[in-house]
Amino acid sequence: MGRVLNFSAGPSQLPLSVLERAAREMTDYGNTGTSVMEMSHRSKAFENILFKSKEDLRKLMNIPENYDVLYMQGGASTQFAAVPLNLLGDKDAADYVDTGTWADKALKEAKKYCKVNVVASSKAETYNHIPELDKSKFNPNAAYFHITTNNTIFGTKWSTLPDVGGVPLVTDMSSSILSEPVDVAKYGLIYAGAQKNIGPAGLVVVIIRKDLLELSKEKAKEMTPTMLRYDICAENDSMYNTPPTYSIYIAGLVFEHLLNLGGLEEMKKRNVAKANLLYGFLDNSKMFKATVRKQDRSLMNVPFVTGNEELDDKCVKQATAAGLINLKGHRSVGGLRASIYNAIDLDGVKTLVNFLEKFEKENA
Ligand code: PMP
């Protein structure tokens with residue numbers, strides 16, 4: 001079977017050239033006679049892979065010197081606990097904005113360790129927008145302020161960051177990292193699960209300001225598992241234990257690939273063109289409707305509905321048969337969702353739009 005177009009929300013499509021290179025290098029990486037999977041993580045060859053991948057990520061995201069890049073494990077969900085355990089310091093409260101299922105899971109996990117102040121929520125409207133914030137609801141004594149940059153299930157993203165003053169802004173950037181440039185200096189900590197724009201699931205990238213590393217060193221909660229301590233991870237170059245070596249290698253290949261394409265300005269250009277094409281079609285369609293209000297629309301995850309469940313199902317089935325897979329919407333929104341991460345190019349979105357156009361004509 002040839003490659004299909006995979007619109008999964010994650011794990012999702014990876015660049016073909018990366019997969020092909022990994023395949024070529026599978027049994028003999030760089031004349032070592034071994035697969036990366038078989039290498040000691042203490043070997044020079046693997047250290048080079050790890051350090052180069054971090055350098056490439058720094059270049060891609062323009063990460064300032066006063067930030068460290070950590071590779072951790074356990075998916076983004078493990079960070080829901082790691083963040084409060086490491087960053088509460090002497091404080092006992094944190095601010096969260098509830099913009100979707102993942103934001104809700106993050107704040108529920110944090111409740112095990114501190115008082116959570118939910119500054120705003122769009123839950124009552126099925127999370128179809130980013131809620132307005134009332135600054136009087138911010139807790140000035142919060143240890144940090146947590147947001148979810150891009151809400152994978154509901155297809156919203158923050159276009160303007162909240163003004164949190166001196167409180168560190170922490171974000172879950174799992175489903176939008178590397179899709180466009182971000183000003184890292186606006187954040188205290190960014191975390192992202194890898195399985196959308198980076199590589200294999202399980203790996204998590206954490207970008208942390210160094211004063212927060214100090215905070216975790218001095219004030220992490222006593223109970224914090226060693227494997228979740230940011231300072232210990234940093235002091236050991238992300239190799240306190242055996243790191244997920246193969247996942248780090250694939251992430252490195254993806255970073256190199258994106259740098260070769262022209263970096264994140266170029267990815268933004270491409271992603272905006274893709275999103276404009278798809279939303280443009282949806283906004284003009286008489287059958288399909290995008291579910292998110294315009295100013296909050298994600299570049300990466302595009303949910304849409306026909307308003308008729310049977311028709312939605314028929315559309316998903318026919319799409320699958322045509323080689324456009326994983327278009328079924330999340331059960332909490334219904335309908336369809338196209339996740340158009342970096343590895344789906346403009347031609348892929350054109351193919352999707354052509355398919356939807358044809359489906360609309362045939363089922364009008
Ligand atoms: N946050 C967001 C925004 C996500 O989309 C996901 C997974 N889809 C998660 C967290 C959870 O990630 P993981 O499965 O890696 O724990």
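Residues numbered from 1 in each chain as written. Predicted model: local features only at pLDDT ≥ 70, side-chain atom pairs only at ≥ 80, totals over all residues. Heavy atoms only, no water.

### Quick word on the overall build of the chain
Thinking step 1. The helix and strand tally for the chain stands at 10 helices and 14 strands.
Thinking step 2. On C-alpha atoms alone, the chain measures out to a radius of gyration of 21 Å, which is about the 21 Å that the 2.2 N^0.38 rule sets for 364 residues.
Thinking step 3. For the chain, the proportion of its 364 residues judged to be buried stands at 56%.
Thinking step 4. Once local pairs closer than 6 in sequence are excluded, the contacts in the chain between residues at least 24 apart make up 67%.
Thinking step 5. By element, 50% of the accessible surface of the chain is carried by carbon and sulfur atoms, the whole surface being about 15,900 Å².
Thinking step 6. The centroid of the 44 positive side-chain charges in the chain is displaced by 3 Å from the centroid of its 43 negative side-chain charges. (Helix = DSSP H or I, 4+ residues; strand = E, 2+ residues; numbered from the N terminus. Rg over C-alpha atoms; globule rule 2.2 N^0.38 Å. Buried < 20%, exposed > 50% of the residue type's maximum accessible area, 1.4 Å probe, protein only. Contact = heavy atoms within 4.5 Å. Areas by Shrake-Rupley, 256 points an atom, 1.4 Å probe, with all protein chains shown as cover. Lys, Arg positive; Asp, Glu negative; His and termini not counted. Charge placed at Lys NZ, Arg CZ, Asp CG, Glu CD.)

### What about the sheet that holds strand β11 (residues 289–290)?
Backbone hydrogen bonds hold the strands of a sheet together, and the pairing may be parallel or antiparallel.
Thinking step 1. Strands sit in the order β11-β12-β14 across an open sheet of 3 strands; the sheet is antiparallel. This sheet does not close on itself; its edge strands, each paired only once, are β11 and β14 (336–339).
Thinking step 2. Relative to strand β12 (residues 301–305), β11 runs antiparallel, the two sharing 2 bridges. Counterpart to A290 in the pairing with β12 is F304. (Pairing = 2+ DSSP bridges.)

### Concerning the environment of K317
Thinking step 1. Relative to the helices and strands, K317 resides in helix α9 (residues 309–321).
Thinking step 2. For K317, a relative accessible area of 61% translates into the label exposed.
Thinking step 3. As for K317 and L259, which are separated by 58 residues in sequence, their C-alpha atoms are 37 Å apart.

### Here we look at the nonpolar core
Thinking step 1. The biggest cluster of nonpolar side chains holds 52 residues, and the ones touching the most others in it are M61, F145, L178 and Y249.
Thinking step 2. In contact with L178, other than residues within four places in its own chain, are L57, L60, M61, N197, I198, F255, L258, L264, M267 and N342.
Thinking step 3. Within the second largest apolar cluster, 32 residues are counted, among which are F7, V302, L311 and I340. (Core = buried A, V, L, I, M, F, W, Y, C linked by side-chain atoms within 4.5 Å.)

### Observations concerning the pattern of salt bridges
When the charged atoms of two side chains with opposite charge come close together, those side chains can pair.
Thinking step 1. One pass over the structure, following the stated rule, counts 25 salt bridges.
Thinking step 2. Salt bridges sharing partners connect three or more residues here, namely R21, E25, K52, D56, K59 and E256. (Salt bridge = Lys/Arg side-chain N within 4 Å of Asp/Glu carboxyl O.)

### Structural notes on the packing of helix α2 (residues 44–61) against helix α7 (residues 245–261)
Thinking step 1. α7 packs onto α2 with a crossing angle of 40 degrees between their chain directions and a minimal axis gap of 9 Å. Relative to α7, the element α2 lies oblique. Of the two possible hands of crossing, α2 and α7 adopt the one that is left-handed. Taken together, the residues of α7 that come into contact with α2 (itself represented by F46, I49, L50, K52, S53, D56, L57, K59 and L60) are T245, I248, Y249, G252, F255, E256, L258 and L259.
Thinking step 2. Considering only residue class, the contact of α2 with α7 consists of 10 nonpolar, 3 polar and 4 charged. (Axes fitted to C-alpha atoms, helices over the stretch in contact; angles between N-to-C directions. Parallel < 35°, antiparallel > 145°, perpendicular 65-115°, else oblique. Left-handed = near helix turned anticlockwise from the far one by under 90°. Nonpolar A, V, L, I, M, F, W, Y, C, P; charged D, E, K, R; others polar.)

### Examining the domain arrangement of the chain
Thinking step 1. Taken domain by domain, the chain holds domain 1 (17–261) and domain 2 (263–362).
Thinking step 2. One C-alpha centre belongs to domain 1, the other to domain 2, and the line joining them spans 27 Å.
Thinking step 3. Between domain 1 and domain 2, a total of about 2,200 Å² is buried, with carbon and sulfur atoms accounting for 54% of that surface.
Thinking step 4. At the junction of domain 1 with domain 2, the criterion picks out 2 salt bridges. (Domains from an automatic or database assignment. Buried area = accessible area lost by both parts, 1.4 Å probe.)

### Here we look at unusual backbone geometry
Keep in mind that most residues, glycine aside, have a negative phi and that most peptide bonds are trans.
Thinking step 1. Cis rather than trans, the peptide bond between G10 and P11 has omega equal to -10 degrees.
Thinking step 2. Looking at where P11 falls in the secondary structure, it is placed in the loop between β1 (5–6) and α1 (16–24).
Thinking step 3. You will see that Y127, though not glycine, has its phi angle at about 55 degrees, which is positive.
Thinking step 4. Within the secondary structure, Y127 is located in the loop between β4 (115–121) and β5 (145–148).

### Considerations on the side chain of H330
Thinking step 1. Relative to the elements of secondary structure, H330 occurs in the loop between β13 (324–325) and β14.
Thinking step 2. If we ignore the near neighbours within four places in the chain, the residues touching H330 are I153 and R337.

### Overview of the site of the ligand
Thinking step 1. If you check the shell around the ligand, you find G75, A76, S77, F80, W102, T148, N150, T152, D172, S174, Q195 and K196 and nothing else.
Thinking step 2. Contact distances for the ligand include 2.6 Å between a nitrogen atom and a side-chain N or O atom of D172.
Thinking step 3. Contact distances for the ligand include 3.0 Å between an oxygen atom and a side-chain N or O atom of Q195.
Thinking step 4. With the chains in place, 86% of the 400 Å² that the ligand exposes on its own is no longer accessible.
Thinking step 5. In terms of residues, the shell around the ligand owes the most to one element, helix α3 (residues 75–87), which gives 4 residues.
Thinking step 6. Residues belonging to the shell around the ligand are distributed by class as follows: 3 nonpolar, 7 polar and 2 charged. (Near = heavy atom within 4 Å. Polar contact = N/O pair within 3.5 Å; in protein donor to acceptor, adjacent residues only side chain to side chain.)

### Some details on the sheet that holds strand β2 (residues 67–72)
Thinking step 1. Taken together, the 7 strands give an open sheet; going across it, the order is β2-β10-β9-β8-β5-β3-β4, and neighbouring strands pair in mixed fashion. The open sheet is flanked by β2 and β4, the only strands paired with a single partner. If you compare each strand with its neighbour and ignore which way they point, the axes differ by 20 degrees on average.
Thinking step 2. Looking at chain direction, strand β8 (residues 169–172) and strand β9 (residues 189–193) are connected through 3 bridges and run parallel. Looking across to β9, one finds that D172 is bridged to Y191.
Thinking step 3. On the sheet, α3 packs against β2, β3 (93–98), β8, β9 and β10 (204–209) and is oriented at approximately 155 degrees with respect to β9.
Thinking step 4. Across the sheet, helix α4 (residues 101–110) lies against β3, β4, β5, β8 and β9, angled at about 160 degrees from β3, the strand it touches most.

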